[in-house]
Amino acid sequence: MSSSFFFLQATQNQINKSLIEQISNYSNAQKKQVYIINKPLGDNKYSYDYEDCLVLLIPRHKIIFIDFGANKIAFESFVEDFIEDLGSISDKYRYKQIIGRPKYWRDDLIEEYTYDQKSFQLKELLTRTKIQTGDRQKVCELLISLLTGSINDIDKVKVKGTVPDNLLDKVKQKILLFDGDQTRFVYQQTSNSVIRIQGLSGTGKTELLLHKLKELYVGSESSKIMFTCHNKILADNLKKRIPDFFNFMKVEQQIKWSERLWCVNAWGSQNDKNSGAYSYICVHYGLPFYRFSYSKSFDSVCRIVLNQLNEKSEVDFAFDYMLIDESQDFPQSFFDLCEKVTRYTVYIAGDIFQSIFDENIVSNIEPDFLLSKCYRTDPRTLMFAHSLGMGLFETPKLRWLEDKEWEACGYLVEKIDSETRYRLSRESLRRFEDLGNESFDSVEIVLDNDVYNKILTIIKDIIDTNPTVLADDVGIIFTDNSKITYLMADALEQSIPRAFGWNVNKAYESKHKIKDTLFISNKNNVKGLEFPFVICVTGSISRSYAARNALYMMLTRSFIKTYLLISQSNTQSLIKQIQEGLVGINTNQYIEVVPPSKEEIEKIKTTIKYSNSSMSFFDFIASIFNELGVDEACRTSLFDTVKNVIGEDFDKDRAQKVIEFNYKEMRRD
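Note that the structure is predicted; figures quoted are calculated from it, not measured.

(A) A look at unusual backbone geometry. Looking along the chain, the bond that leaves Thr-395 and enters Pro-396 is cis, with omega of -5°. Turning to its location among the elements, Pro-396 is positioned in the loop between helix H14 (379-390) and helix H15 (403-408). Even without glycine at this site, Ser-258 takes up a positive phi of about 60°. Within the secondary structure, Ser-258 sits in the loop between helix H10 (232-248) and strand E8 (261-265). Residue Ser-258 is classed as partly exposed on the basis of its relative accessible area, which comes to 37%. Unusually for a residue other than glycine, Ser-418 sits at a positive phi of about 55°. By secondary structure assignment, the location of Ser-418 is in the loop between strand E12 (412-416) and strand E13 (421-425). Accessibility expressed as a relative area gives 73% for Ser-418, which makes it exposed.

(B) Region of interest: the nonpolar core. If you look at the biggest cluster of nonpolar residues, it comprises 68 residues, and the most contacted ones within it are Ile-63, Phe-65, Phe-78, Trp-105, Phe-185, Phe-227 and Ile-242. Setting aside residues no more than four positions away along its own chain, Trp-105 makes contact with Ile-83, Leu-86, Ile-99, Gly-100, Ile-110, Arg-136, Val-139 and Leu-143. Counting 47 residues, the second largest nonpolar core, distinct from the first, contains Phe-393, Ile-445, Ile-477 and Leu-529.

(C) Just the pairing of strand E7 (residues 225-229), in detail. The buried fraction of E7 amounts to five of the five residues, a majority that puts the element mostly inside the structure. Going residue by residue along E7, you find Ile-225, Phe-227 and Cys-229 tucked away on one face and Met-226 and Thr-228 tucked away on the opposite face as well. Relative to E8, E7 runs parallel, the two being bridged by five bridges. By the bridge assignment, Ile-225 is partnered in E8 with Leu-261. When E7 meets strand E9 (residues 319-324), the two strands line up parallel, connected through four bridges.

(D) Just the sheet that holds E7, in detail. The sheet built from six strands is open, its strands ordered E8-E7-E9-E10-E6-E11 with parallel pairing. Edge positions in the open sheet fall to E8 and strand E11 (369-371), since each of these has one partner strand only. Within the sheet, the average angular offset between the axes of one strand and its neighbour, ignoring direction, is 15°. Summarising the sheet, E9 and strand E10 (residues 342-351) pair through five bridges and their orientation is parallel. Residue pairing in the sheet places Tyr-321 in a bridge with Thr-345 of E10. Lying on the sheet, helix H8 (residues 180-187) is in contact with strand E6 (194-199), E10 and E11; it crosses E11 at an angle near 140°. Most of the contacts of H10 go to E8, to which it runs at about 155°, and overall it touches E7 and E8.

(E) Structural context of the pattern of salt bridges. For the structure on display, the rule yields 29 salt bridges. Residue Glu-592 pairs with Arg-423 through a salt bridge whose shortest N-O separation is 2.9 Å. Of this pair, Glu-592 sits in strand E20 (residues 590-593) while Arg-423 sits in strand E13; the two residues are 169 residues apart in sequence, bridging distant segments of the chain. The partly exposed category is assigned to Glu-592, whose relative accessible area is 31%. A salt bridge links Lys-460 to Asp-464, with the nearest nitrogen and oxygen atoms 2.9 Å apart. One end of the pair, Lys-460, and the other, Asp-464, are both in helix H16 (residues 451-465), four residues apart, so they sit about a helical turn from each other. When salt bridges with common partners are traced through the structure, they connect Lys-62, Glu-111, Glu-124 and Arg-128 into a single cluster.

(F) Focus on the sheet that holds E13. One open sheet holds the three strands; their spatial order is E12-E13-E20, and the pairing between them is antiparallel. The sheet is open, and its two edges are formed by E12 and E20, each paired on a single side. Averaged over all pairs of adjacent strands, the angle between strand axes in this sheet comes to 20°, irrespective of strand direction. Where E13 lies against E20, four bridges are found, and the strand directions are antiparallel. Bridge pairing in E20 links Leu-424 to Ile-591.

(G) Inspection of the domain arrangement of the protein at higher detail. Entries for the protein in the domain assignment read domain 1 (6-163), domain 2 (181-371), domain 3 (379-593) and domain 4 (614-667). Relative to domain 4, the C-alpha centre of domain 1 lies at a distance of 65 Å.

(H) Local environment of a negative patch on the surface. Judged by side-chain charge, Asp-49, Glu-51, Asp-52, Asp-81 and Glu-84 come together as a negatively charged surface patch. Relative to the helices and strands, Asp-81 is located in helix H2 (residues 72-92).

(I) Just the packing of aromatic side chains, in detail. Following the criterion strictly, the structure yields 34 aromatic pairs and no others. Both rings, one in Phe-334 and one in Phe-335, keep their centres 6.4 Å apart while their planes meet at 55°; by these two values the pair is tilted. Residue class for Phe-334 comes out buried when judged on its relative accessible area of 1%. Note on Phe-335: relative accessible area 7%, which makes it buried. Chaining the aromatic ring pairs together yields one cluster made of Trp-267, Tyr-278, Phe-289, Phe-292, Phe-298, Phe-330, Phe-334 and Phe-335.

(J) Up close: the pairing of E13. Here E12 runs beside E13; their pairing, made up of five bridges, is antiparallel. Note that in E13 the partner of Val-413 across the bridge is Leu-424. With antiparallel pairing between neighbouring strands as the criterion, E12 and E13 make up a hairpin whose turn holds four residues, including Asp-417 at a positive phi of roughly 50°.

(K) View of the side chain of Asp-320. Summarising the element assignment, Asp-320 is placed in strand E9. Among the polar contacts made by the side chain of Asp-320, one reaches the side chain of Arg-343 at a distance of 2.8 Å. For Asp-320, the residues in contact, after removing those within four places along its chain, are Ser-222, Ser-223, Lys-224, Thr-342, Arg-343, Tyr-344 and Thr-345.

(L) Broad picture of H14. Over its 12 residues, H14 extends 16 Å from the first C-alpha to the last, a length consistent with the 16 Å expected when each residue adds 1.5 Å. Among the residues making up H14, those that are buried are Pro-379, Arg-380, Thr-381, Leu-382, Met-383, Phe-384, Ala-385, His-386, Ser-387, Leu-388, Gly-389 and Met-390. N-capping of H14 is provided by Asp-378, with a side-chain oxygen placed 2.8 Å from the backbone N of Arg-380. Just downstream of H14 lies Gly-391, where phi reads positive at about 70°.

(M) Structural detail: the packing of H8 against helix H9 (residues 205-219). Relative orientation of the contacting elements H8 and H9 amounts to 30°, with a least axis distance of 8 Å. Where H8 crosses over H9, the handedness of that crossing is right-handed. Contact residues: H8 offers Gln-182, Phe-185, Val-186 and Tyr-187, while H9 offers Leu-208, Leu-209, His-211, Lys-212 and Glu-215. Class assignment of the residues belonging to the contact of H8 with H9 gives a composition of five nonpolar, two polar and two charged.

Each value, and the rule that gives it
Residues numbered from 1 in each chain as written. Predicted model: local features only at pLDDT ≥ 70, side-chain atom pairs only at ≥ 80, totals over all residues. Heavy atoms only, no water. Helix = DSSP H or I, 4+ residues; strand = E, 2+ residues; numbered from the N terminus. Buried < 20%, exposed > 50% of the residue type's maximum accessible area, 1.4 Å probe, protein only. Core = buried A, V, L, I, M, F, W, Y, C linked by side-chain atoms within 4.5 Å. Contact = heavy atoms within 4.5 Å. Pairing = 2+ DSSP bridges. Axes fitted to C-alpha atoms, helices over the stretch in contact; angles between N-to-C directions. Salt bridge = Lys/Arg side-chain N within 4 Å of Asp/Glu carboxyl O. Domains from an automatic or database assignment. Patch = residues over 30% accessible without salt bridge, like charges linked within 9 Å, V, L, I, M, F, W, Y side chains within 5 Å. Areas by Shrake-Rupley, 256 points an atom, 1.4 Å probe, with all protein chains shown as cover. Lys, Arg positive; Asp, Glu negative; His and termini not counted. Charge placed at Lys NZ, Arg CZ, Asp CG, Glu CD. Phe/Tyr/Trp six-rings, centres within 6.5 Å; stacked < 30°, edge-to-face > 60°. Polar contact = N/O pair within 3.5 Å; in protein donor to acceptor, adjacent residues only side chain to side chain. Expected span 1.5 Å × (residues − 1). Left-handed = near helix turned anticlockwise from the far one by under 90°. Nonpolar A, V, L, I, M, F, W, Y, C, P; charged D, E, K, R; others polar.

Take a look at the structure:
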């Protein structure tokens, strides 16, 4: 019964079992979001005496109160109390100013239904409760969002007035609802010591951790919670987000930093026990703290502490709960240590893969929650990004997944023509369901050698098409780390304010996103970010794994449209294949591809294994020098030249061409 479409919070019993099964089957078959509850989620203070009833929530339908009992008075009292509480929640989150008091929506958005198993027809009930007008559908979806804890920023939602006439406003004003898996993760009670959640980038893992943090924090006034990740910058950003998130969710309890709640990176400092999860654990248990060194990795220090704790006859708990983000950055020893020092549950969230060329996508440890839907990115953009990154349009391909791996990444796998061809598709998302896939292209390939002026033209087109667009709705990302890239960024920093009145944030210098500024960066500073519009700039499309993975990551930063701006036309045949592949995705809503042979798959795996070695860029270039027999006296100058031209890109063919040309010129001199 568990799925991303269907969520059941109420208790199933012999009386309601048949109805719940029918609704669950409908939800999954029609791919419709459906919730069955008996009280509002997100606040434990709401409870009711009458239990022989359910509340059915389906977007674009009335809120349906279903009575299974024979006590009509008790049922009516339940409905009245429930609606009164819903009105109170609406007031709490300032929805009332948009949707009004219950008297303005009760008559046309609430349905009371007495269940009779013999005569019940689900189709008839859904037809009768269908809401016909867009404004009233939106009001009802806002009510559903309140009841499921999927709180939207009401300032961005318009119910009445002008209908949005551009893509940007339509997407921004779309009411977002948790799916079944997300809702279960946030609200489901568990006795497990470890809960693992995995998904692609953009599936909402960090947001869900924040919701889980809020539930845990308000659930007890004495609980101690550690929220950690490997990266210090990410930890700092999370710590800044938590107060804003708690304020948005109307959390009344004050945050007691370093007393009840910690949000720090994993390692920390010896001089400050509250600076890291490891440093706090060391001080709490009176154990020696080890700094990073070549002989002391994070894995080794976690093992040391864990062994020391296991030797103790009795160990108290440092925390009641721990939440770990970006789990793919950690060794297993850290998770074991966290489980050892945590009283109740450790929640571990991580990406299925950081790179599309990771060797292990489906791990040996099955997650408790697998988030296969990417809510940030249009499904067509994600399909194109995977296709381009993995070389699915090309022969030979760069990457291929097993069926189980495709499914873990959210793909529906269909094999046709005696399994000689694959059709890979993705389910549609609520975020884009009202836009119509034919009304716009989520990816546009732009070929132009004049990159600087073309970027300005694209920005102008975005503004003309979306009059309400803001500076921070647009991101410009360069794949190349060459000197030319940074000179162009400097020029854009001067010209964009003059042309459009927008300030520019060069994120490779500022290291973070700045409100009301247009974002410009290289490929190294975009993790976790999203924009309505992304201009992805690359010199050419190489077959380098690093370059392809960078393109995949950059293309998926947009949630409306990505412009792939290619400045060099030295790969015409490849570009033609990519263009034809994109047309196929837009036309068919799926990727159709011939799978590689078993021999080709083995060759792909071998190549990826070599590419994923820990070789530094210096050693990578030195190995090419050795192959070409470059004189020692020329190597320093040549290394600097290669780095200036291609950046630290592990593209052997491109690097070798630069070396051969410049080495020939150096020897001529």
